[in-house]
Amino acid sequence: ESLAEAAEQVGALDGEPAQHVALEIDGRLRTFDTAFLRDSCACPLCRDPHSKQKLFQTSDIPEHLEGSGRAVVDEEKGPMVEFTWKNDIEGYGPEHHTRHSIDWLRRALTMEVDLRGGVRHDERVLWNRDRITRDNKWVDYKSYMTQDDVLFDALSHLNNYGLLFVKNVPDSETSVVDLASRIGTLKDTFYGRTWDVRSKPQAENIAYTPHFLGLHMDLLYTSNPPHLQLLHSLRARTPGGASFFSDSFHAAHQLLRHSASHFRALATFPVTYHYHHKTHHYHFTRPVLELSPYPKYADPGSPAIKRVNWSPPFQAPFESRIGSNSSTALRSFIAASHAYEKVLAAPENLFEYRLEEGECVLFDNRRVLHARRAFDASKGERWLKGAYVDDDVFFSRLRVLEEGVRG
Ligand code: AKG
């Protein structure tokens, strides 16, 4: 591309050095703080080329840093903006410049602060039954296991919708390990690296009974609950036992539209979860709605929900002060949780599907609630094999796949 074409994509360049620069990108004027552009410099003097780790500190940047940009064309990277610094970090000479591609500049102002790279939460699709019925995705086991572009597509869908189904999964106890390992290291918990969901007498967990199991998330009684959950159906030889799912983010948005005070109650009231059985005693307290610690930087118009925590079967008694008669918080919480449950479990928000043998569901355990209809254990076998994958592992894989697929 010629310099003129590059300059056409980025206007308002070649100004006097200043603390802010205004760049016109794709016809829109964007203002950047030059300290932000300087801090992101990826030249070999600023970032070690092998480890990509920073060779200066943000605290080294002079408070009154000024810079200006001009359009250049990099032989490999195409059109870029090169910034020259008037009063650069000590030790960097006048020959030091910072180059950012137009694509980087375009993305820099739209990505979420905490998840740069290929992972964009602004592409999240909130769903009700109609939407997920229309958009639901199935992927073939073999393609998922062997083709990176199929895997990227599948995991992007999983990231955007929180739900994905795999078919033609081999009838083997290790298939769920293979499916999870394609993403990365499995999360080991006291349930084991993989675990079996089948009905048994004197079960330590309601999941291991034939009873109805309401909408919930797993392991909220731990400090870092698993991000992904996989459930592979090995045996489905008894009627009933259908799975159903609900998008807790969609429901939280609906709740906010309906009642800001309910939303606030769920975002502030502490709910304790526990698991206490024989040699295990886990205990953790968190609000139902966790809001972003950086609301100012969130997408405009979004309530900036970072996480939802909802797992009624695993709730512990509330913190002791909550029970005192001077506290009205518990009553507000009960009213808010009633309203939230109503939205979560509304038939128009539920996606129900009975897993057949050879099928596996993958879902975002921090967003999509899962549940199971009761079944009759006397009529035949029902057996799911489960595994978990942590958020860091999943997002890392997604970013690396994105780099490979999109370049
Ligand atoms: C769990 O193990 O957390 C479950 O919810 C089991 C789901 C099922 O039996 O379908």
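Residues numbered from 1 in each chain as written. Predicted model: local features only at pLDDT ≥ 70, side-chain atom pairs only at ≥ 80, totals over all residues. Heavy atoms only, no water.

Here we take up the overall build of the protein. Scanning the protein for helices and strands turns up 11 helices and 20 strands. Based on the C-alpha atoms only, the size of the protein along its principal axes is roughly 80 × 60 × 40 Å. For the protein, long-range pairs separated by at least 24 residues make up 74% of all intrachain contacts whose partners lie at least 6 apart in sequence. In the protein, 49 side chains carry a positive charge and 56 a negative one; their mean positions are 8 Å apart. (Helix = DSSP H or I, 4+ residues; strand = E, 2+ residues; numbered from the N terminus. Contact = heavy atoms within 4.5 Å. Lys, Arg positive; Asp, Glu negative; His and termini not counted. Charge placed at Lys NZ, Arg CZ, Asp CG, Glu CD.)

All of the buried residues along helix H8 (residues 248-258) are Ser248, Phe249, His250, Ala251, Ala252 and Leu255. Structurally, H8 contributes buried residues whose contacts are with strand S12 (243-247), helix H9 (260-268), strand S15 (289-291), strand S16 (305-308), helix H10 (329-344) and strand S19 (368-372). For H8, the capping residue at the N-terminal end is Asp247, with a side-chain oxygen 3.0 Å from the backbone nitrogen of Phe249. (Buried < 20%, exposed > 50% of the residue type's maximum accessible area, 1.4 Å probe, protein only. Polar contact = N/O pair within 3.5 Å; in protein donor to acceptor, adjacent residues only side chain to side chain.)

Before going further, it helps to examine H9. The α-helix winds at 3.6 residues per turn, so residues separated by three or four positions along the chain end up facing the same way. Among all positions of H9, only His262, Phe263, Ala265, Leu266 and Ala267 are buried. Where H9 is buried, its residues contact H8, S15, S16 and H10.

Contacts to the ligand come from Val197, Ala207, Leu213, His216, Asp218, Gln229, His370, Arg372, Arg382 and Leu384. His216 has a polar side-chain atom sitting 3.2 Å from an oxygen atom of the ligand. In this structure, His370 approaches the ligand through a side-chain N or O atom, which is 3.1 Å from an oxygen atom. Surface burial for the ligand is 96%, taken as the share of its 290 Å² of free accessible area covered by protein chains. (Near = heavy atom within 4 Å. Areas by Shrake-Rupley, 256 points an atom, 1.4 Å probe, with all protein chains shown as cover.)

The interhelical angle for the contact between H8 and H10, taken along N-to-C directions, is 125°, at an axis separation of 9 Å. When the axes of H8 and H10 are compared, the pair comes out oblique. As for how H8 packs across H10, the hand of that crossing is right-handed. Between H8, through Ser248, Ala251, Ala252, Gln254 and Leu255, and H10, the contact on the second element is made entirely by Ala339, Tyr340, Val343 and Leu344. In terms of residue class, the contact of H8 with H10 is built from 7 nonpolar, 2 polar and no charged. (Axes fitted to C-alpha atoms, helices over the stretch in contact; angles between N-to-C directions. Parallel < 35°, antiparallel > 145°, perpendicular 65-115°, else oblique. Left-handed = near helix turned anticlockwise from the far one by under 90°. Nonpolar A, V, L, I, M, F, W, Y, C, P; charged D, E, K, R; others polar.)

For residues that are not glycine, phi is negative in most cases, and the peptide bond is trans in most cases. Positive phi, normally seen in glycine, also occurs at Asn168, with a value near 60°. Assignment of secondary structure puts Asn168 in the loop between strand S8 (163-167) and helix H7 (175-181). For Gln202, which is not glycine, the phi torsion reads 45° and is therefore positive. In this structure Gln202 comes out as exposed when scored by relative accessible area, which is 82%.

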